[in-house]
Amino acid sequence: MIDIQDIIKPENLVYEKSSLLTDNVMHYCPGCTHGVVHKLVAEVIEELGIQEQTIGVSPVGCSVFAYNYIDIDWAEAAHGRAPAVATGISRLHPEKYVFTYQGDGDLASIGCGEIMHACNRGENIVVIFINNAIYGMTGGQMAPTTLLGQVTATTPYGRDAKLNGFPMKITELIAQLDGTCYVTRQSADTPGAVRKTKNALKKAFQNTRLQKGTSFVEVVSTCNSGWKVTPVEANNWMRENMFKKYPLGDIKDI
Amino acid sequence: MAEVKLMKGNEVIAEAAIRCGCDGYFGYPITPQSEVMETLMARKPWEETGMVVLQAESELAAINMVYGGACCGKKVMTSSSSPGISLKQEGLTYIAGAELPCLVVDVVRGGPGLGTIQPAQSDYFQATKGGGHGDYHLIVLAPASVQEMNDFVDLGFELAFKYRNPAMILADGVIGQMMEKVQLSPYKPRWTEEEIEKISGSWALTGKKGRERHVITSLELDAHRQEDFNKKLQAKYRKIEANEVRFEKILCEDADYLIIAYGSAARICQKSIELAREAGIKIGLLRPITLYPFPTQAIAEMCGQIKGMLTVEMSAGQMVEDVRLAVNGRVKVEHYGRMGGVVPTPEEIVEALKNNFEL
Amino acid sequence: MAKFRGAIVVDNEKCKGCGLCVVACPTKVIDLNPDVNGKGYHYAYMKNPEACIGCASCGLVCPDSVISVYKMNVE
């Protein structure tokens, strides 16, 4: 009979928190996808050994405080403007790894202009796009990516195309722009999906090293608080509903 | 040997930026200041000094690119005109809130709304009282000549970095478009990474290496901590008000009356005081060079000597409020202005002077 | 008999009890503890420690990075 304490020894450690994650307890709700993606970003930066050369730009929204969790230099941008801020940083620090971390309201609504043009110029940056089809921080209002029929605080009877327009597949739009070199849509709901997303992020940062232009990684995510379900139910709802509108996989890879 | 050239005000802004070691310019075309970016693009400073020049997709994006560049401790700037400056206000309040240095040039045109493309001074409130949300100030320099357009680029950056605060050159369509003789500044090299480390190493985003991570943000959830930050900002503004007031006095020694005007209006008023003196009116001109900080003390000190003050602005009367605050009722203060892009003549200013003070 | 034996260590105080690790575990090792931590969350724990194979699926999906995974070859 093997005692558990015989297993829990330093030489047997196979998975632990990235050293680039700070000790701050994340302010996110239990089960929030932001935590998983933060972890992956930290792991990728750590594994590529680029902590000293990486500058993050956090958005307005739930992930506004991303700078509290990943131990690199950060700028906090105004709502939607992260791609412009990243442009300024990257143009003046062309040797650095610059990334934005943005939600669907920040990127696809208020910052639609900035993201389109940064990607169209092919800024040598990584864009991480968290699409959970809702505004989290302001209390669960409709996002541009909210599904038809989806109930939010501002679509209490469900999103109606006549009233609210259609769910926006901005990642497909981004892929049309010649400045982008890599556009992919991933998720983080299963161990396999988490591994794939990590690989996508790693590839994106490696593209920066190769000066290839803009890499855009969407992560279809959950907001169990906004959706008013449990974290496990949220993953199920995402798989049943979100993946139909936002299918996973690489959209562009050149 | 100093280099003297005949140049347009807007062109000089571009030339001065390159020569003062500016690292980056981010702009968006708008009349009457488009020559700034056009001159930069034609000059190709990226080949000469390494300065970055980028045409952004909007003024909003341009000011946020400035925010990004300023985060890195670099000398970055933008320029625009009134409607574009309104769009930049969001970025400016974030820049002020994050205590970042940068330079903004505003070549003012008539408003409100899309207004006109002719010169005006109707954005004084916007420039000097903050402009965006929250309690903050820009350091505002008001050039009255093409030479000052040149000189204030370097001075603007110097003050911006001294106080970690955005600085603005508040010009107008006259100064931006007119050609004058200008003595160009000698070239200064751009700051090296080592110099940036020395000047801004305690806060700039240079990559986390052997130190705690740097975070540039204007966000604070705790009201008391935000109030403490506001107090710190206010202390900085008091310091700026105590140390950085700049103004010019012309023919004030024996003056009974005083005109207060800045920028191109002050140029016109120089002729007006000549004409008034020919008509026997003892009058001087006080020209604020810094609009924030405002020469409150200098104006207050003249109250004992002066019987009446007239502000001349190409607006409905904005700076006149600061003059009245300085004077605090001790002297009659009147305003004369033209609006919408109309420039007053020296003669009509003399008429206004006579009418207001029954001379 | 499994080729590998594993074990997890949960940072009980930082765990928010979201339960994503519970469903991610292929061998049904993990459950939420009937007890709560200082924040009132039912934190994750090994209910069936013998079944753990050290695959790290729980760690991968954990949003708060509170799970460390150990694995040893027992062949």
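Residues numbered from 1 in each chain as written. Chains lettered and ligands numbered in written order. Predicted model: local features only at pLDDT ≥ 70, side-chain atom pairs only at ≥ 80, totals over all residues. Heavy atoms only, no water.

- Naming follows an unreviewed UniProt entry, where chain C appears as 4Fe-4S ferredoxin-type domain-containing protein of Odoribacter laneus YIT 12061.

Quick word on the overall build of chain C
Next, step 1: In terms of helices and strands, chain C carries two helices and four strands.
Next, step 2: Ordering the α and β elements of chain C from the N terminus gives β-α-β-β-α-β.
Next, step 3: Here the C-alpha atoms of chain C give a radius of gyration of 12 Å, agreeing with the 11 Å that 2.2 N^0.38 yields for 75 residues.
Next, step 4: Reported as C-alpha extents along the three principal axes, the dimensions of chain C are approximately 40 × 20 × 15 Å.
Next, step 5: Burial analysis of chain C (75 residues in total) assigns 51% to the buried set.
Next, step 6: When contacts within chain C are restricted to residue pairs at least 6 apart in sequence, long-range pairs at least 24 apart make up 61% of them. (Helix = DSSP H or I, 4+ residues; strand = E, 2+ residues; numbered from the N terminus. Rg over C-alpha atoms; globule rule 2.2 N^0.38 Å. Buried < 20%, exposed > 50% of the residue type's maximum accessible area, 1.4 Å probe, protein only. Contact = heavy atoms within 4.5 Å.)

Overview of the packing of aromatic side chains
Next, step 1: If you walk through the whole model with that rule in mind, you get 11 aromatic pairs over all chains.
Next, step 2: Ring geometry for F99 of chain A versus F205 of chain A: centroids 5.6 Å apart, planes at 70 degrees, classification edge-to-face. Here F205 of chain A lies in helix α8 (residues 191-209) and F99 of chain A lies in strand β4 (residues 97-103), a separation of 106 residues in the sequence.
Next, step 3: With a relative accessible area of 0%, F99 of chain A lands in the buried category.
Next, step 4: Ring geometry for Y124 of chain B versus Y262 of chain B: centroids 5.8 Å apart, planes at 40 degrees, classification tilted. Of this pair, Y124 of chain B sits in helix α6 (residues 124-128) while Y262 of chain B sits in the loop between β11 (257-260) and α11 (263-278); the two residues are 138 residues apart in sequence, bridging distant segments of the chain.
Next, step 5: Residue classification places Y262 of chain B among the buried residues on the basis of a relative accessible area of 1%.
Next, step 6: Following the ring pairs from residue to residue traces out a cluster consisting of W74, F99 and F205 of chain A. (Phe/Tyr/Trp six-rings, centres within 6.5 Å; stacked < 30°, edge-to-face > 60°.)

Examining the pairing of strand β1 (residues 4-10) of chain C
Residues and elements named next belong to chain C.
Next, step 1: Taking burial as the measure, the seven residues of β1 include five buried ones, the bulk of the element.
Next, step 2: Relative to strand β4 (residues 67-73), β1 runs antiparallel, the two being bridged by seven bridges. Residue pairing for β4: F4 is matched across the bridge by N73. (Pairing = 2+ DSSP bridges.)

Details of helix α1 (residues 9-19) of chain B
Residues and elements named next belong to chain B.
Next, step 1: The element α1 is largely enclosed, with a buried count of 10 among its 11 residues.
Next, step 2: For α1, the complete set of buried residues consists of G9, N10, V12, I13, A14, E15, A16, A17, I18 and R19.
Next, step 3: Count one or two residues on from α1 and you reach G21, which has phi positive near 85 degrees.

A few points about the packing of helix α3 (residues 82-92) of chain A against helix α5 (residues 112-121) of chain A
Next, step 1: In the contact formed by α3 of chain A and α5 of chain A, the axes pass within 8 Å of each other and the chain directions differ by 35 degrees. Residues P83, A84, T87 and R91 of chain A of α3 of chain A form the contact with α5 of chain A, whose own contacting residues are E114, I115, A118 and R121 of chain A. (Axes fitted to C-alpha atoms, helices over the stretch in contact; angles between N-to-C directions.)

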